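# Summary of structural features
Listed here are the chains, written in short residue letters.
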Amino acid sequence: MEEKFDRGSALTIFKNDRAEDIVALVIALIIALLVYLFV
Amino acid sequence: MVYTEKSRWTLIIGVIMVAYAYLVQSNLLAPVIKFLNTSRYTGEMSTLAYAFGGIALAVGLWQLYGRHKEGQLDYYLSSVAGVMFIMLVAFVVKWGLDPLMAKWGHDAQPALGFNFASVLNLNYVVMGIIAGIVIVNVFNVPSWAQHGVRLSRLGLKTGVILLGSLYSFAELAQLGKLSIVLIGVFVLGSMWLVLVVGTRRNLPNSMTGVLSAGVGVCGVSAAVAAAPVVQAKSLEIAYTIGTILLFGVLCMFAFPIIGKSLGMGPIQFGAWAGTGILNSAQVAGAALAFQPTGIETLKVAEIFNITRVLFLPIIVVWLAVWYVRREEAAARHVEKVDIMSVIVGKFPVFVLGFILMFLLSSTGIFAPARHYQGAYFDNSDKVMVRTDRSGKEINNLLKDTDVELLTKDMEKVKRDDQRAALQRLIDGRKVMSEDDDDTLRGLQNAKVMSKEGGAVLARAHRAVRHTAPKVARFRDLIAWFFTFGLVGLGMQITVASIKQAGGQPLVIGSIIGVIKAVGSLVVVWLLVHESI
């Protein structure tokens, strides 16, 4: 799959693992905030 | 490079999702929903299908008729088609296959003597991976969706972070020091064994790493959390999950037989099952098979099992250092690697997110701080007798007829502790303590009382045992992120890659599993007695 993408890797669309981690963290924190406020 | 493909499929997926949401909302799917027993999901079905369908329609139109130039917008939006494709499959898994298996398992139970769906763990975890594998090997992942499949790991990582919200320090408080040491020794010990054996057997470092986390801690979450640290491939994660589940099935049948033949007590057996069996659902199955008349074994087993997850951050750091050491040593022929630089450079931030959510959860902002996976005990007066939004009084205390029923059933109860708890329930007209609640649940499971008496006990239990809505919502969201991630993960596993990996990981995982089961049996037998 790698050769099909000139950005990211076969496993992720992000430039590296840490960028993917940070995006996951941001998504999770936004969800946690929404759950805290509205549920 | 322009990534966006002018495909009409995103639009079609959007139409299917919106149509499905409409059919659910207008009750046209009521017979199917009734057949699958999924009426509790109808709100979720229409909300999610409308939301994702709307996004798919908008992006689908943009893909077909928009102008696409190379850049960030093109790059990131091109993944939406694949995300929608995975979500469509996830809908089928979560609202179709998962409840269908549960129904078949339940229906076949009288004939088979056991619930095959529960024993084989045929829930959304396994069904998601299988669905992905079938799609990639039978139909192939379409080119317009391949870009989005690379977002599945992001879904799994987000799920692991949110997983922290289900736990709190209260669990640790329920355990004695010996138990924590016991769990720690077996988690870290079995992990170390897999690392040693995997290295000796020349398994790839990534396979060894993810297998060690899966066998050491437990199940899907650990394998998923450890996978990015050791650059594990999708197949390696699937192998680990497969090993854990298959080995767990054997344990579920073998543990209760061995436990009974050795004359183990409920606490001893609970500690052993919670340490030795790798998958949570199978731990519960073995505990209930060992002690169908009480809840003590199940409770101890669950505490032991769940506490293993809290070792996740430690094993992730260990694996990060181990992996970089081995890879760098092989690449540069160097023996020493700066551990601090590995921790700073490679430590997965999403595991810090798991810890953060765990800490937040322990403060009580999502549920009372003493909650246990979102459930907590409260029998205070304001809970037992309250008014609902319309001003109507809700009285959860036992009524005179309930007390009469329970008093009549009292003679059927033989265990002293259960008789005492039942008497306190009758006198107080509510479950008087958390311990009483556990004891009465055991009595209810034992089915020694009349059907009506059992129903009163069930109602009394529901009146004092509450589930925090916020944690329940987190649980739903985690299930969705995991389903999304695992379907995408399955879509990256081809038959060729399975042939290439061979069966050795399954053999090594099972051998270490047996060593762990036997080792924990000996230690529990020697050290754990009537209290933990």
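All of these numbers come straight from a predicted model, not from anything done at the bench. (Residues numbered from 1 in each chain as written. Chains lettered and ligands numbered in written order. Predicted model: local features only at pLDDT ≥ 70, side-chain atom pairs only at ≥ 80, totals over all residues.)

So, on to the overall build of chain B. Looking only at helices and strands, one finds 28 helices and 4 strands in chain B. On C-alpha atoms alone, chain B measures out to a radius of gyration of 25 Å, which is about the 24 Å that the 2.2 N^0.38 rule sets for 532 residues. Principal axes of the C-alpha set define a box for chain B whose edges measure 80 × 60 × 45 Å. Scored against the burial criterion, the 532 residues of chain B give a buried share of 48%. For chain B, restricting intrachain contacts to residue pairs at least 6 apart in sequence, the fraction spanning at least 24 positions comes to 78%. (Helix = DSSP H or I, 4+ residues; strand = E, 2+ residues; numbered from the N terminus. Rg over C-alpha atoms; globule rule 2.2 N^0.38 Å. Buried ≥ 20, exposed ≤ 12 C-beta atoms within 10 Å, placed from the backbone. Contact = placed C-beta atoms within 7 Å.)

With that settled, consider the overall build of chain A. Each helix and strand in chain A was counted, giving 1 helix and 0 strands. Counting over 39 residues, chain A shows a buried share of 28%.

This next bit is on the domain arrangement of chain B. Split by domain assignment, chain B resolves into domain 1 (1-119), domain 2 (166-367 + 500-527) and domain 3 (375-467). Look at where the C-alpha atoms of domain 1 of chain B and domain 3 of chain B centre, and you get two points 41 Å apart. (Domains from an automatic or database assignment.)

This part covers the interface of chain B and chain A. Each partner contributes to the interface: chain B provides 27 residues, whereas chain A provides 24 residues. Among the elements that line the side of chain B that touches chain A, the one with the most residues is helix α9 (residues 152-163) of chain B, at 6 residues. Residues belonging to the side of chain B that touches chain A are distributed by class as follows: 16 nonpolar, 6 polar and 5 charged. (Nonpolar A, V, L, I, M, F, W, Y, C, P; charged D, E, K, R; others polar.)

One turn of the α-helix equals 3.6 residues, which is why residues spaced by three or four share an orientation. Residue and element names in this part refer to chain B. Its 12 residues give helix α17 (residues 296-307) an end-to-end C-alpha distance of 17 Å, which sits within 8% of 16 Å, the value for a rise of 1.5 Å per residue. Within α17, 10 of the 12 residues are buried, which leaves the element mostly enclosed by the surrounding structure. By the burial criterion, the buried members of α17 are T297, L298, K299, V300, A301, E302, I303, F304, N305 and T307. (Expected span 1.5 Å × (residues − 1).)

Our focus in this paragraph is the packing of helix α1 (residues 17-38) of chain A against helix α20 (residues 349-363) of chain B. One way to put it is that α1 of chain A packs onto α20 of chain B with a least axis distance of 8 Å and a crossing angle of 25°. As the angle between them shows, α1 of chain A and α20 of chain B are arranged roughly parallel. Facing α1 of chain A, whose interface residues are R18, D21, I22, A24, L25, A28 and A32 of chain A, α20 of chain B presents V349, F350, G353 and M357 of chain B. (Axes fitted to C-alpha atoms, helices over the stretch in contact; angles between N-to-C directions. Parallel < 35°, antiparallel > 145°, perpendicular 65-115°, else oblique.)

Attention now goes to the packing of helix α14 (residues 234-261) of chain B against helix α15 (residues 266-276) of chain B. Residues and elements named next belong to chain B. The contact between α14 and α15 brings their axes to 11 Å, and the two run at 155°. In terms of their interaxial angle, α14 and α15 are classed as roughly antiparallel. Every pair of crossing elements has a handedness; the one defined by α14 and α15 is right-handed. In this structure, α14 uses C251, F255 and G259 to contact α15, whose residues at the interface are F269, W272, A273 and G276. Here the residues of the contact of α14 with α15 are counted per class, giving 5 nonpolar, 2 polar and no charged. (Left-handed = near helix turned anticlockwise from the far one by under 90°.)

The next subject is the nonpolar core. Residues and elements named next belong to chain B. Counting 145 residues, the largest nonpolar core has A226, L312 and L319 as its most contacted members. Split by domain, this core shows at least three residues from each of two domains, domain 1 (1-119) and domain 2 (166-367 + 500-527). Apart from residues lying up to four places away in sequence, L319 is in contact with G209, A213, A226, V229 and V230. Of all hydrophobic cores here, the second largest spans 15 residues; its members include L406, V413, A421 and M449. (Core = buried A, V, L, I, M, F, W, Y, C linked by C-beta atoms within 7 Å.)

With 96% of its residues at a pLDDT of at least 70, chain B reaches an overall mean of 86. Within chain B, helix α10 (residues 169-173) of chain B has the poorest average pLDDT of any element, 71, and helix α1 (residues 9-25) of chain B the best, 97. (pLDDT = per-residue confidence, 0-100.)

Take the environment of Y50 of chain B next. All names here are of chain B. Its location among the elements puts Y50 in helix α3 (residues 42-65). Given 17 C-beta atoms within 10 Å, Y50 falls into the partly exposed group. Not counting the four nearest positions on each side in its chain, Y50 is found in contact with V18 and A21.

Along helix α5 (residues 80-112) of chain B, the helix axis deviates most sharply at V93 of chain B, where the bend reaches about 35°. Downstream of α5 of chain B by one or two residues, G113 of chain B has phi in the positive range, about 90°. (Bend = angle between axes of the 7 residues up to and from the residue.)

Moving on, we get to unusual backbone geometry. All names here are of chain B. Of note in the backbone geometry, N140 takes a positive phi value of approximately 75° without being a glycine. Along the chain, the position of N140 falls in the loop between α7 (124-139) and α8 (143-149). Exposure remark for N140: the 12 C-beta atoms within 10 Å place this residue in the exposed category. The phi dihedral of Q231 falls on the positive side, at around 55°, and the residue is not glycine. Note that Q231 resides in the loop between α13 (219-226) and α14.

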